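For reference, the chains in residue letters:
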Amino acid sequence: MYTLQAPIKELTSVGRSTAKLLQKLGIENVLDLISYFPFRYQDYSQVVKIKDLFPNLEVTVKGKIILIDTRRSFKKRMSITEALLDDGTGSIKVVWFNQPYLAKSLKIGDDVFIAGRVEFDKLGLQFVSPAYEKINGQEIINTAKIVPVYSLTGRLTQKQVRFLINMALKSVKLIPEWLPEQIIKNNSLTPLAEALKKIHFPEDFADLEKARYRLKFNELFLIQLQSHLLKKYLASARAPFLKFREKEIRQFVSNLPFELTNDQKKTAWQILLDLEKHQPMNRLLEGDVGSGKTAVASLAILDTVLNGYQAVLMAPTEILAKQHFKSLSNFFSGFNFKMALLTGSEQLLKSGAETQAKKNVSEDIEKGGINLIIGTHALIQDKVKYKNLGLVIIDEQHRFGVEQRKKIKEKNKSKETPHFLSMTATPIPRSLALILYGDLDLSIIKEMPKGRKKIITKLVEEKNRDKAYDFIREEIKKGRQVFVVCPLIDPSDKLGVKSVKEEFKKLEQDIFPEFKTGFLHGKLKSSEKEKTMAEFKANKIKILVSTSVIEVGIDMPNATIMMIEGAERFGLAQLHQFRGRVGRGEYQSYCFLFTKNGSAKTRERLNALVKSADGFALAEYDLKFRGPGEVYGRRQSGLPDLKIASLNDLDLINLAQKEAFNFLANCVLDNFPLLKAKLEENKIIGHLE
Ligand code: ADP
Ligand code: MG
């Protein structure tokens, strides 16, 4: 038996190249192997007699090899291994392609399990490339059971990974049960070690469900505990008292080029009241794309600066950071304070009306000579130090991670904890937000600024696709630009779903050879993404094909068409956000939805988008029919990063929340060293103390 920390290199049968591939999957040691959960299962648990087989059954057969031979087919350039399997009730043909080593490992007379789908052709029933496993006293893990299927990379095989995980599971007893006994008992949860075993190798589906339930609970309980602990911690931390500078702020508001909406005023007021407390603000500002969150943030920034403290605004990308720097420079043009832009590639200093490139901006920041610092997350990763942080704002994220808070605290030379504000365009209804973000106060902007042009949204029939392309061509000739969103990166043969690579090729070569087309997806390096985005922003690229990665909040006033392929595969909230990437300038904008799935239900759902421009209403509409996991998309930034649980497990989220609350109300964490260690390992506590 190995220790949990034993590096994979030391395991029997793991060579250097296998170790490399495992590392690519994030697997470094035995514990990582145990924690690498299957993404689906293959049910081979039915073991059937050969005489009872019929086409399309997915089963396991147990028998003896009575013939086996491999030949090369030069025409088809492959090797074919054929065997005959007999179990006393009958015999069946088995064929494998390109696995010549099979004839060496399987011999006449061997007893084996064969598992797969029974196929039928003119020669009768047969198995084509089935799973097989010799019956030789070794544990059976690839056939005759519910078999785990893992996501793999390179030349790794399911068999190999199953073997390793099965071996690693011998050490599962070493993993301590860290969940308090009372909670396990009250909810009849499966013990941890058993759940970990069964998530890989369940006896039956009921077993699997129990294992999943337990492991989901783990994840959700820790998240809820984190929320509660953060709340407790913030209640005891000390933040700077930032007096509401009413006169100057009123003046500033009246000088803005527009009148604030009522919701902007209301949310700004909630924030300004928070800043006047000694307890750090921990607030989430939610507002649809274009609802003017930056303007609200600017009031909080101004208040902070007027009180003599520094404010920081962090954006997820350099482009967004630059955009904020520009618009805030305009907002604050009448004020005499210093602003810096600090990204990996640029350092700018604005002082009065003048903006210039400046080396070593960070020295000025440390000395307190700069009032507002705008940049990417590098602002908390780099070596920058702050003199006296009063307010930290993070754009397009739902919350500050625990690690982020810790880093910020280390960087702030004054002893106080700054106020925190996160901003997001994801329309999460209050009810759901309360469950997910128990530690956060919520401010919601529902109202859009007056006079916005409505984006014309259309569900386009496949037969009208060419018309849509003609329309797009005319728009581009007028100088406009186009987004095309596809559900996948690579072509997928099974689904017929559009992919970025395919669509890019088609548009660039066949449909719009006269225009420059670019593409973006999550597998590109961030420097490549930024480059493409910059070219799009400069109107060099006219058509940008991408997955859902194009950042929210990007201001492209010149882009007027959002074309979405495979629209049925996205949640309404997500589609609405794609749509929000156009319609940001003076021109009439359009959103074209394409779908292959013509079902009435799908059309009705997409029609909701045609009719409504209200992100919250759309999210709530969708939530009635589909779980939040689908509504917001799998990997929406800022939503909790869940490995096994999903946002759809609302009952379980509620339960975890209740248990976390009860636990903290009735127990002392110090009396639960294993749970405490778990929280520390997840970096949830540690710095809080
Ligand atoms: P988001 O909430 O998506 O971050 P922004 O803050 O980027 O939105 O605002 C979008 C645009 O709307 C900006 O150009 C901003 O100047 C403008 N804007 C903000 N508030 C108002 C308002 N009350 N009336 C008119 N325009 C506004
Ligand atoms: Mg924004």
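Student: Quick one: what's the story with the pattern of salt bridges, residue by residue and with numbers?
Tutor: If you walk through the whole model with that rule in mind, you get 33 salt bridges. The structure contains a network of salt bridges with shared partners spanning Arg71, Glu82 and Lys93.

Student: Quick one: what's the story with the environment of Leu306, residue by residue and with numbers?
Tutor: In this fold, Leu306 is placed in helix α10 (residues 293-306). A relative accessible area of 25% places Leu306 in the partly exposed class. In the structure, Leu306 is positioned 57 residues away from Ile249 in sequence and 9.5 Å away in space, judged by C-alpha atoms. Dropping the residues within four chain positions of it, Leu306 is found in contact with Arg245 and Glu248.

Student: Explain the pairing of strand β10 (residues 310-314) to me, using residue names and the numbers behind them.
Tutor: Most of β10 sits inside the fold, with 5 of its 5 residues counted as buried. Of the two faces of β10, the one lined by Gln310, Val312 and Met314 and the one lined by Ala311 and Leu313 are each fully buried. Across 5 bridges, the pairing between β10 and strand β15 (residues 389-395) is parallel. Each residue of the ladder has a partner; that of Ala311, found in β15, is Leu391. In terms of strand pairing, β10 meets strand β14 (residues 372-375) through 4 bridges, oriented parallel. Looking across to β14, one finds that Leu313 is bridged to Ile374.

Student: Break down the nonpolar core for me, with residues and values.
Tutor: Judged by nonpolar contacts, the single largest core of 76 residues is most densely connected at Ile34, Phe217, Phe221, Leu225 and Leu675. Top element by residues in this core is helix α7 (residues 205-236). It accounts for 10 residues. When residues of this core are sorted by domain, at least three fall in each of domain 1 (1-38 + 152-173) and domain 3 (246-445). When neighbours within four sequence positions are excluded, Leu675 is seen to be in contact with Trp178, Pro180, Phe221, Leu222, Leu225, Phe663 and Leu669. Within the second largest apolar cluster, 41 residues are counted, among which are Phe252, Ala315, Phe325 and Met339.

Student: Which residues make up the domain arrangement of the protein chain, and what values go with them?
Tutor: Under the domain assignment used here, the protein chain contains domain 1 (1-38 + 152-173), domain 2 (46-144), domain 3 (246-445) and domain 4 (456-612). Of note, the centres of domain 1 and domain 3, computed from C-alpha atoms alone, are 44 Å apart.

Student: Can you break down the sheet that holds strand β21 (residues 543-546) residue by residue, with the values?
Tutor: Strands sit in the order β18-β23-β22-β19-β21-β20 across an open sheet of 6 strands; the sheet is parallel. Lying at the two open borders of the sheet, with one neighbouring strand each, are β18 (456-460) and β20 (517-520). Strand-to-strand twist across the sheet, computed as the mean angle between neighbouring axes with direction ignored, equals 20°. Pairing geometry for strand β19 (residues 481-485) and strand β22 (residues 559-564), over 5 bridges, is parallel. Note on β22: the bridge partner recorded for Gln481 is Ala559. Running over the sheet, helix α19 (residues 572-579) touches β18, β19, β22 and β23 (590-594) and is turned about 150° from β22.

Student: Give a description of the site of ligand 1 that names residues and reports values.
Tutor: The local shell around ligand 1 holds 15 residues, among which Glu259, Gln264, Gly290, Thr294 and Arg452 are the closest. Between an oxygen atom of ligand 1 and a main-chain N or O atom of Ser291, the distance comes to 3.5 Å. At a separation of 2.9 Å, an oxygen atom of ligand 1 approaches a polar side-chain atom of Lys293. Alone, ligand 1 offers 570 Å² of accessible surface; in the complex the protein occludes 78% of this.

Student: Explain the packing of aromatic side chains to me, using residue names and the numbers behind them.
Tutor: This structure, assessed with the given rule, holds 19 aromatic pairs. Taking the centre distance of 4.8 Å and the plane angle of 80° together, the rings of Phe471 and Tyr590 count as edge-to-face. Residue Phe471 is found in helix α16 (residues 465-477), and its partner Tyr590 is found in strand β23; the two are separated by 119 residues along the sequence. Note on Tyr590: relative accessible area 16%, which makes it buried. Summarising the aromatic geometry, the rings of Phe663 and Phe672 are spaced 5.0 Å apart at their centres and angled 75° between planes, so their arrangement reads as edge-to-face. Residue classification places Phe672 among the partly exposed positions, given a relative accessible area of 25%. Following the ring pairs from residue to residue traces out a cluster consisting of Phe252, Phe332, Phe335 and Phe337.

Student: Give me the lowdown on the sheet that holds strand β17 (residues 441-445), citing residues and values where you can.
Tutor: Pairing is mixed across the open sheet formed by 9 strands, whose spatial order is β13-β12-β11-β14-β10-β15-β16-β9-β17. In this open sheet, the two edge strands, each paired with only one partner strand, are β13 (354-357) and β17. Each adjacent strand pair in this sheet contributes to an overall mean axis angle of 15°, direction not counted. Relative to β13, strand β12 (residues 347-351) runs antiparallel, the two sharing 4 bridges. When the sheet's bridge partners are listed, Ser351 is paired in β13 with Glu354. The sheet contacts of α10 involve β9 (282-287), β10, β14, β15, β16 (419-424) and β17, and relative to β15 the element is tilted by about 170°.

Student: Before we move on, could you go through helix α4 (residues 158-168) and cite the residues and values that matter?
Tutor: An α-helical segment advances 3.6 residues per turn. Residues three or four places apart therefore align on the same side. By the burial criterion, the buried members of α4 are Val161, Arg162, Leu164, Ile165, Asn166, Met167 and Ala168. In this structure, the buried residues of α4 make contact with α1 (16-24), α2 (30-34), β8 (146-149) and α6 (192-200).

Student: Quick rundown of the environment of Val460? Include the residues and the values.
Tutor: With respect to the secondary-structure elements, Val460 resides in strand β18. Between the C-alpha atom of Val460 and that of Met563, which follows or precedes it by 103 residues, the distance is 9.8 Å. Non-local contacts of Val460, meaning those with residues more than four positions away in its chain, are made with Arg465, Ala468, Phe592, Leu593 and Phe594.

Conventions adopted
Positions within a chain are numbered from 1, following the residues in the order the chain's sequence is written. Labels follow written order: the first chain is A, the first ligand is 1, and so on. Owing to the predicted nature of the model, reporting of local features is limited to residues with pLDDT of at least 70; listing and counting of side-chain atom pairs is limited to 80 or more, with chain, interface and lining totals taken over all residues. Water and hydrogen atoms were dropped before computing side-chain values, which therefore reflect all heavy atoms in the structure. Note on definitions: salt bridges are taken to be side-chain nitrogens of Lys or Arg within 4 Å of carboxyl oxygens of Asp or Glu. Numbering of helices and strands runs from the N terminus, with a helix taken as a DSSP run of H or I at least four residues long and a strand as a DSSP run of E at least two residues long. Between buried and exposed lies partly exposed: a residue is buried under 20% and exposed over 50% of the maximum accessible area for its type, with that area taken using a 1.4 Å probe on protein chains only. Note on contacts: a residue pair qualifies if any of its non-hydrogen atoms lie within 4.5 Å across the two residues. Strand pairing is defined by DSSP finding a minimum of two bridges between the two strands. By nonpolar core we mean a set of buried residues, namely Ala, Val, Leu, Ile, Met, Phe, Trp, Tyr and Cys, connected to one another through side-chain atoms within 4.5 Å. Domain borders in the structure are assigned automatically or taken from a domain database. For every element, the axis is a line fit to its C-alpha atoms; helices are fit only across the contacting stretch, and the angle between N-to-C directions ranges from 0 to 180 degrees. We call a residue near a molecule or strand when any one of its heavy atoms sits within 4 Å of it. As used in this structure description, the phrase polar contact means that two N or O atoms lie within 3.5 Å; if the pair is within protein, one of them must be able to donate a hydrogen and the other to accept it, and residues adjacent in sequence are counted only when both atoms belong to side chains. Residue-level accessible areas treat just the shown protein chains as cover; the underlying method is Shrake-Rupley with a 1.4 Å probe. Pairing of aromatic side chains here covers Phe, Tyr and the six-membered ring of Trp, requires ring centres within 6.5 Å, and sorts the geometry by plane angle: under 30 degrees stacked, over 60 edge-to-face, intermediate tilted.

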